[in-house]
Amino acid sequence: MTPSPVSGKRSPLGQEIRAAASAVAAMMAGESLPAALLRARAGVAADSGPAVQDMAYQTVRRLGTGLALARILNNKPAAPELQAIQLVALEQLISERRAPAIVIDQVVEACKADPVLRFSAGFLNAVLRRFLRERDALLGRVNREDEARYNLPDWWLELLRRDHPQQWSSIVTQSQRQAGMTLRVNQRISSVADYAARLQAAGMAHQVLGLGDPTRRDMATPAIRLEQPVDVQRLPGWGEGLVSVQDLGAQLAAPLLQVQAGHRVLDACAAPGGKSAHLLEQQDIGLVALDIDAQRTRRIGENLQRLGLMRDTVQVKVGDAAQPRGWWDGQPFDRILADVPCSASGIVARHPDIPWLRRRRDIATLSGQQLKILGALWSLLKPGGKLLVCTCSVFRDEGEYLLERAMRELRGAQAEGLTWSFETSVAVRLGHLLPTRLPSREHDGFFYARLTKTG
């Protein structure tokens, strides 16, 4: 159980930096940044939580630069906790969000108060002041290294260049920008226009994103982007189930599956339930929402309950999509959504820790798992049924090449050409949907393919 944040409006800046550093250290040891921040934020005042989170995320977004600078500034590799606080401090000095003298003073004081770091206070004071003196020269030197310049591991950049030789630089740029907050309106109980009016009344600046074909409920994307992200509890009607948080690219899954009333539908790898909820908002269907992780599966039920979508025709199950014998009742499905596990290379703007937590060999392992899941699910689909393959990846091994392998192995599979009109006059060919941050069309990177079972 995570302890409650300490009392007080704001902790001193040094404590906030120390808390952010503890999260960064945990991430570099293999833990996801969001999970690490849950503990880190508990050690500072409640009002310091957002600042700690922002410092940790910005440090990870600039991790390649920070690591390269540390290699120059340090005579030998630093211990994990020392390295992490150095990285947070360097990011603060590079971004110039605060006066450099204040940052260094607070870092030194935080180290002196910490039994683990107190003997390193003088070292940090010296190297941070050296960085300030030689800032331009040091940044120019490290920016000759791709990993420092683009803040992504070298192997990650190699795959992007191989898979998208014309667009890789744009993908990197988009992934380094902080992602916005996109909402999906529950059209069972509201509409985009009505909810936009509620946001307006609450003083929340927003923009309605591209809607596809608004005359067809099953092909309209009820998406709204907030100009400034907020805690979900502040969203009008959150507790009433009027709205969910879901990226625009992820909102394409439900309409692309083309469900009809009465269909029996499987959402495999469904947690935390956003796509399941969207399917139920569109049509009256029988739905099995499946996930292998019991804890994450509980979130599916919680989300459906909040949205008023938990009913007799909905089953939430814990099970392995690649092993149907453990959970399937023998009744085939009209539609299957296979949002298979992947590298998550398309959502780096939202989760900048992902490239640093992955390894090059993971891509081959994940590709094998994806193909195994698709083979298992294909046998559960009715003749004439449709399976939608989805990954939040921009790597072709988890998209185009995965589809090529699946088409060779799945008997009777016919791939359909997919397009989507984000705006009324612009049709986008789907497959690899690369991340973009256009004001009228902001979304992560995804891959979509729809297969029909011909016999």
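Conventions we followed
Residues numbered from 1 in each chain as written. Predicted model: local features only at pLDDT ≥ 70, side-chain atom pairs only at ≥ 80, totals over all residues. Heavy atoms only, no water. Axes fitted to C-alpha atoms, helices over the stretch in contact; angles between N-to-C directions. Helix = DSSP H or I, 4+ residues; strand = E, 2+ residues; numbered from the N terminus. Parallel < 35°, antiparallel > 145°, perpendicular 65-115°, else oblique. Left-handed = near helix turned anticlockwise from the far one by under 90°. Contact = heavy atoms within 4.5 Å. Nonpolar A, V, L, I, M, F, W, Y, C, P; charged D, E, K, R; others polar. Core = buried A, V, L, I, M, F, W, Y, C linked by side-chain atoms within 4.5 Å. Buried < 20%, exposed > 50% of the residue type's maximum accessible area, 1.4 Å probe, protein only. Polar contact = N/O pair within 3.5 Å; in protein donor to acceptor, adjacent residues only side chain to side chain. 1 Å grid on protein atoms, 1.4 Å probe; cavity = no way out; pocket = protein on both sides within 12 Å on 5 of 7 lines; lining within 4 Å. Points joined across faces, edges and corners; volume = space filled by probe spheres on them. Phe/Tyr/Trp six-rings, centres within 6.5 Å; stacked < 30°, edge-to-face > 60°. Expected span 1.5 Å × (residues − 1).

Trainee: What is the right way to look at the packing of helix α4 (residues 63-73) against helix α8 (residues 135-142) in this model?
Mentor: Working note: a packed helix pair is described by the angle between its axes plus the distance between those axes. Packing of α4 against α8 brings their axes to within 10 Å, and their N-to-C directions diverge by 115°. Classified by the interaxial angle, the pair formed by α4 and α8 is roughly perpendicular. Crossing geometry of α4 relative to α8 is assigned as right-handed. Mapping the contact onto sequence places Thr65, Ala68, Leu69, Ile72 and Leu73 in α4 and Leu138, Leu139, Arg141 and Val142 in α8. Here the residues of the contact of α4 with α8 are counted per class, giving seven nonpolar, one polar and one charged.

Trainee: Explanation requested: the nonpolar core in the structure shown.
Mentor: Soluble, globular proteins show a tendency: their nonpolar side chains are buried together. By size, the foremost hydrophobic cluster in this structure holds 54 residues, and its most contacted members are Trp156, Leu160, Leu252, Leu256, Leu279, Leu388 and Tyr448. If you tally residues by element for this core, the top one is helix α10 (residues 154-163), at five residues. Core analysis: the next-biggest nonpolar cluster, separate from the first, contains 51 residues, Ala40, Val52, Val60 and Phe131 among them.

Trainee: Looking at this structure, how should I read the side chain of histidine 443?
Mentor: Mapped onto the elements, histidine 443 comes out in strand β15 (residues 441-443). A polar atom in the side chain of histidine 443 sits 3.1 Å from the side chain of arginine 441.

Trainee: I tried to follow the layout of surface pockets on my own but got confused; where do I start?
Mentor: In this approach, a probe sized like a water molecule rolls over the atoms, and the result shows the empty space that is left. The volume enclosed by the second largest pocket comes to roughly 360 Å³. Around the second largest pocket, the lining is made up of 20 residues, and of these Arg429, Leu430, Gly431, His432 and Phe447 lie nearest the centre. Looking at the lining of the second largest pocket, the elements with two or more residues in it are α18 (400-409), β10 (413-416) and β16 (446-453). Per element, the largest residue contribution to the lining of the second largest pocket is five residues, and it comes from β16. Residue composition of the lining of the second largest pocket, grouped by class: nine nonpolar, five polar and six charged.

Trainee: So what exactly am I meant to see when it comes to the packing of aromatic side chains here?
Mentor: The geometry of an aromatic ring pair is captured by the separation of the ring centres together with the interplanar angle, meaning the angle of the planes. Applying the stated rule across the entire model yields four aromatic pairs. Taken together, a centroid distance of 5.3 Å and an interplanar angle of 80° make the contact between tyrosine 150 and tryptophan 168 edge-to-face. In this pair, tyrosine 150 is assigned in helix α9 (residues 146-150) and tryptophan 168 in helix α11 (residues 168-176), connecting sequence segments 18 residues apart. Residue tyrosine 150 is classed as buried on the basis of its relative accessible area, which comes to 16%. Residue tryptophan 168 is classed as buried on the basis of its relative accessible area of 16%.

Trainee: Explain helix α3 (residues 49-61) here, please?
Mentor: Because each turn of an α-helix spans 3.6 residues, side chains separated by three or four positions in sequence point in the same direction. Look at α3: 18 Å from first C-alpha to last across 13 residues, which is about the 18 Å you get at 1.5 Å a residue. Along α3, 10 of the 13 residues are buried, which leaves the element largely enclosed by surrounding structure. Elements that come into contact with the buried residues of α3 comprise α1 (13-28), α2 (33-41), α4, α5 (80-95), α11 and α16 (354-357).

Trainee: Help me understand the packing of α1 against α3, please; the structure alone is not making it clear to me.
Mentor: α3 packs onto α1 with a crossing angle of 50° between their chain directions and a minimal axis gap of 8 Å. By the angle between their directions, the pair α1 and α3 is classed as oblique. Crossing of α1 against α3: the hand is right-handed. Residues Leu13, Glu16, Ile17, Ala19, Ala20, Ala23, Val24 and Met27 of α1 lie in contact with α3, whose contacting residues are Ala51, Val52, Met55, Ala56, Thr59 and Val60. When the residues that make up the contact of α1 with α3 are grouped by side-chain class, the tally is 12 nonpolar, one polar and one charged.

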